[in-house]
Each structure stands twice: as C-alpha cells, then as structure tokens.
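Chain residues, written in single-letter form:
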Amino acid sequence: MTSPQEASETIEAGNAEVLRTMPFGDDQDFADADRGFIAALTPPVVRSADGDVVWDSGSFSFLDDECPATVNPSLWRQSKLTVKQGLYEVTDGIYQIRGLDLSNMTVIEGDTGVIVIDPLISVETAAAGLALYREHRGDRPVVAVIYSHSHIDHFGGVKGVTTQEDVDAQRCVIIAPAGFTEHAVEENVYAGTAMARRAAYMYGAALPRGPLGAVGAGLGPTTSIGQPSLITPTVSIDHTGQAVTVDGVAIEFQMTPGTEAPSEMNFYFPARRALCMAENATHTLHNLLTLRGALVRDPHVWSKYLTEAINRYAARTDVVFASHHWPTWGTERLTEYLSIQRDLYGYLHDQTLRWINKGATGTEIAEDFPIPPALADNWSAHGYYGSISHNVKAIYQRYMGWFDGNPANLWQHRTADAAVRHVEFMGGADEVVAKARKSFADGDFRWVAQVLNYVIFADPDHAEAKALQADTLEQLGYGCENGTWRNFFLMGAYELRNGTIGTPTVAAAPDIMSQLTVEQVFDAIALRIDGPRAWSADIVIDWRISDTAVVHRTHLRNGLLVHFDVDGDLPPATTTFTLSAADLRSALLAGGDLAAMIAAGRVTVEGDAGKLTELVGYLDAPDPDFAIVTP
C-alpha cells in the first residue's frame, strides 16, 4: 500500500490564506452546537449483532487537534462541529441525537410516549441513539415515527426504534409526505448499484480517517454501515397546513416537494414554538445535484418554499432545527438564518439563468460566479456539501441538458477512445507524464488531473501515470472546502494506489426491496435485460397476483420488457404464474427458490415454465464495484 503524501507548498499556501481571510473568530456555531448537551455515547462505538463496527465517533478524535496543512481550515471547522455527538436538549420536550450517523435523530416527548423524527441510516445507530435518550429521559414507548423525506439517512434505522408488529397493531404510526415510498424505493433500487458505488466516493466511509484521509462529509461525519430498514408509512401528508395531533403533540406540516428531495416536508410544533426544516435549511450550501447521482433539484422552488416557511412560521418560532447540524435559537437569528439560505438558492438560480441567456455554458458560469458579500461571509452559506461549482452546472443541466450548444461537442468520442487520440497528439504517454510532472511542480493540479486521465484511460497499466495521478488527486483533496469533493479526490487517489475497495453500503436492502409494488418489481427487472442478447426473444408471461387478483403481463420483445396490468381480452400468454406479491419479489429479486415454492404449492404454473428460465437468462448482473478512475 502506497502511503499518502503531505501537502504541497501550493496547497499549504492556499489553506493558510483561507485561515487568514475567513472569520474564524466567530464561534457562535460552536456555542449553538454545544447548547443543551446532556451526555455522549460512551464508548462512542456502535456494533452490529455480529460484533462488526458500524459507527465509530472516536475515529474522528483527531479533529480535536489544530488544523494541519492537508485540510482546508474551513472544512476542518465544519468537521469539528459535525462530529460532536450525544444527546442534546433543543427546547422543552424536544431532544436530538447527533453525531451517531450522517444525520440527526430527533425525539419529541408526548403525553405518554415519544415521536421519533428521521431515525438515521442503520438499525444499529438508531437503536443506540434511542437507548442513549432513554438512559437519561426514561423508557418511553415510541408512538410515532416521522420521515421528513425520502432519503435513506432519514428512514433507514426505523426498525431500531419500532417494529412492524407495533405498527401493524397501531401502537406506532409512521408519518411521511405523499410519494415517500415511491421515491424512496426508486432511488435505492433503479440506479441503486451505481449510486451506492459513487456514494462510497462521496462519503468516504471506507477511507482511512485522519488529516491525510477522511475528515467528514460536510453534512455529517460520514455514513454508518449497518443494516438499513423500512416500514411503510401509515399516515400520508399531502398538503401544506395539514395538522396532526399525536400523543397530545400538535404538528402542522408544510409540503416542499422538489426541494432537497422529491418527497419532503417541514413541520411546526406550535406548543413548543419549534420549527423542523427537514433538510431544506442546514448549515451549508446543499446539493442541487448530488455527486452520487440523483434527479436535479429545483433551486427556484426551494427558495420559494423557504420564503413560505419564513412567512408562515418564523415570527412565532423560538428555535429552528433540522435533520443535520445544530439548531438556531431566537426569532431574529433564525429568521436571518432562513433568509440567508433562501437568498442563496434563489441567487444561484437566477444568476445562472441570467448567464445562460447571455450564451454562457455551465462550465463557464461556474468558473467565475461571484457571491454577495453577506452570503460569502456567512458560514452557513459555504459549500461543505454542495458547492457553487457543481450546483451552477446542475442548474444549467436542469434547463439546458448535457449539450452546451457547440456542435463540436455534439458527437465526441467516448472517454477511452478520445484518450488514445489525445495522448498520441501530445507525443505519447511518457511525454505527457513528463510534462505533467512540471505542471504538478507548478501547482497546476487541475490540469495535471485532466491530462493524466487521458494517459490512464489510453494505457491503464501505465504505473507512473497512475502514481502521479494519485498524488495529484490527493493535493486537490487537501485544498477542498467541500467535504464530498475531498472524499472523491482522496478515494480516487486511494483506489489508484491500492485497487478498488468497493462500497461499504447496501444498494437495496431487503426491507426496501419488500416495499416494491408489482409495477416496480418489473421496472427493476426490465432495467437488467441485456437488450442485444434478447433482440430475437418473444416471451409472454402472465403473473396472477393472488393477494390482489391483479394479472400483470410481461412481454419481452425487441430487447424490451414491456409490462402492464391485463385489462380486457388479450391473446393468451405462453405461461401463467399464480403467486403472492411477496413471493413474486422473493423469486425475482431476492434469490428465492421458485422451484421450491412451486413444489410447496405456494406458486402454481400453467403452460411452459421454461419460458421464465429463458427470460431470466437474458438478465445482466449489475457491478457494485465498477471502476471509476480507471477504464
């Protein structure tokens, strides 16, 4: 294993300039992050039932030291804040568990039990957080869980705080915004394998932790690597102003679809004068297009929903809290905080569109995008998780797509083919590497990364190019204020030196897969059809779902798996399977033994059962460890 390098003079000087020019004397965030502290998890380690470590706050203890030259001081400051862990009182009857995962878990005390908001990513970390609360506040039952939105760090640990049995018995309700299950499932299944692989780069969960490695992801320290779960919501929130009272706690909801998630909501507790902003206002510039991949978010509507939240709630609120970071207290302070966040997203949107309509491309706009001084000087508007650079490009993509309008870019060669031509034009691989070494010495790391990428994709075995590229990506990471950028650069360096280490997270956990509708099951199967191999296939199968009496037809033709509910007279299928929705999911997605199900009488078959074997033969397996920095 090749060891990381120290910071170059260029990066060291750049980080020193950050320390000199930014307002590090402003320590209000530290006072807010420490306010209400009750107790930390001791020891700060969470393990699975098998004894594996799924979370270790202690691995970030190096952040107690002074910022080294290998970390941007602004990111170091943010990481020191996000790594603070334990149980905190927000206001009377509202508590948060912070620093035990990427996100926070909030506990609202009711008349007889508690309401849990956003139970983290993993069952293990959520259970540890609830146990910490109960140790200091008593063993109150969980009577409700609220999912603020459809990202896994806000629902994955639900079975660490309640059970399916308690929900089925109506001892616990699950409250979520309309569309929650659909979006939660789609994000974790359809492109789940690719997103999970890129999430390994984004969050750096597998990186060595320390001044030369992972220091945090900006939104939180990193992601836990325990078991995710999901319980389907029992109460759907579908309009702003909708009110629900749970265990004596009155809650008013504000719907915010299309902001940080396609299904998301804020909510207000009038008796506590407390406002939860979900993930719509945190102490960072958020992502408009997350580096792991997702649908592009809408900063225009995001800004408008923040205005609505300010107008509806701010004047009657004493504390605002969210599912990441620390609260803000005081009506005047929280109103300004929400206004800064609102101005940030609205400004990015409007100014990007202004330049688009002057003919600028996303790359051109992002390269020189001045921010108003009041935003630049506010810590909460800095790009620790999202960045101005990639958010501006996301806005361009949202409106204009991938094509910049220049016909020279309309039909370019794929990366590896273009790389061969670039390297040949530049005098060959060895000549490019030699020139890159000079640019590296000059501190032009962005250019070095670009040209060495040509060499590596043209000649993947060029050891000298890979070694220099690793050093280059590392230097770029050392200078990043953005935690996810740093993790991407350092993961690239690590894998160039040591080979692919894959992803520690699960793309589609069994609980998530179990929530797929019949339509979504076949959507997921269709995405795995190897089209060219299936061009000549013509297979018609009916799936009679016994628990709903629905008949769903699949027809593989021209390499496409068409599927739909049978309604009316159609030509007969070659094969008909009768089975429950659960057995369908098990047989087609979870590796269940269909033959055993047929033998046990759980599944019946009419016609040619071999047609399913033929269909399955056309499925392609996703690759959870695909290469990123090499071809």
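Here is a short report on the structure shown in this document.

Parameters at a glance
- Residues numbered from 1 in each chain as written.
- Predicted model: local features only at pLDDT ≥ 70, side-chain atom pairs only at ≥ 80, totals over all residues.
- Heavy atoms only, no water.
- Phe/Tyr/Trp six-rings, centres within 6.5 Å; stacked < 30°, edge-to-face > 60°.
- Helix = DSSP H or I, 4+ residues; strand = E, 2+ residues; numbered from the N terminus.
- Buried < 20%, exposed > 50% of the residue type's maximum accessible area, 1.4 Å probe, protein only.
- Patch = residues over 30% accessible without salt bridge, like charges linked within 9 Å, V, L, I, M, F, W, Y side chains within 5 Å.
- Areas by Shrake-Rupley, 256 points an atom, 1.4 Å probe, with all protein chains shown as cover.
- Salt bridge = Lys/Arg side-chain N within 4 Å of Asp/Glu carboxyl O.
- Pairing = 2+ DSSP bridges.
- Axes fitted to C-alpha atoms, helices over the stretch in contact; angles between N-to-C directions.
- Contact = heavy atoms within 4.5 Å.

As for the packing of aromatic side chains
- Tallied over the full model, the rule gives 20 aromatic pairs.
- Relative to F267, the ring of F253 lies with its centre 5.7 Å away and its plane at 55°, an arrangement referred to as tilted. A residue pair is termed long-range when its members are at least 10 positions apart, and F253 in strand β12 (residues 249–255) and F267 in strand β13 (residues 265–269) qualify at 14 residues. Across the pair, exposure class does not vary: F253 and F267 are buried alike.
- On the basis of an interplanar angle of 80° and a centroid distance of 6.1 Å, the ring pair of F267 and F269 is categorised as edge-to-face.
- According to the relative accessible area criterion, F267 is buried, its value standing at 0%.
- A residue is classified by how much of its surface remains accessible, and F269, at 0% relative accessible area, is buried.

Looking at a nonpolar patch on the surface
- Nonpolar side chains collect at one region of the surface, where W402, L410 and W411 lie side by side and expose about 520 Å² of accessible area between them.
- With respect to the element layout, L410 can be found in the loop between α12 (388–400) and α13 (415–425).
- Owing to a relative accessible area of 48%, L410 belongs among the partly exposed residues under this scheme.

Focus: the sheet that holds strand β20 (residues 575–579)
- The sheet built from five strands is open, its strands ordered β19-β18-β17-β20-β21 with mixed pairing. Pairing within the sheet leaves two strands with one partner each, and these edge strands are β19 (560–565) and β21 (604–607). Looking at each pair of strands side by side, their axes are set apart by 20° on average, direction ignored.
- Where strand β17 (residues 538–545) meets strand β18 (residues 550–557), eight bridges bridge the pair, whose relative direction is antiparallel. Bridged to D542 within β18 is R553.
- The strands that helix α19 (residues 518–526) touches are β17, β18 and β19; relative to β19, the one it contacts most, it runs at about 175°.

Remarks on the side chain of T484
- Tracing the chain through its elements places T484 in helix α17 (residues 483–498).
- Contact partners of T484, with chain neighbours within four places excluded, come to Y201, M202, A217, L291, Y384 and Y385.

Here's the deal with the pattern of salt bridges
- Tallied over the full model, the rule gives 29 salt bridges.
- Between R297 and E260 there is a salt bridge, and its shortest N-O distance comes to 4.0 Å. On the criterion of sequence distance, the pair formed by R297 in the loop between β14 (274–276) and α8 (299–313) and E260 in the loop between β12 and β13 is long-range, its members being 37 residues apart.
- With relative accessibility at 7%, the residue R297 sits in the buried group.
- A salt bridge links D298 to R398, with the nearest nitrogen and oxygen atoms 3.3 Å apart. Here the residue D298 occupies a position in the loop between β14 and α8, and R398 occupies one in helix α12, the gap between them amounting to 100 residues.
- Owing to a relative accessible area of 37%, R398 belongs among the partly exposed residues under this scheme.
- Through salt bridges with shared partners, a single ionic network connects E109, R137 and R140.

Some remarks on the pairing of β12
- By the criterion of burial, β12 is predominantly enclosed, with six of the seven residues buried.
- Pairing of strand β11 (residues 243–246) with β12, which is carried by four bridges, proceeds in the antiparallel orientation. Residue pairing across strands places V244 opposite I251, the latter belonging to β12.
- Following β11, the chain reverses through two residues before pairing antiparallel with β12; D247 in that reversal takes a positive phi of roughly 50°.
- One ladder, built from four bridges, connects β12 with β13; its direction is antiparallel. Directly across from M255, in β13, lies its bridge partner M265.

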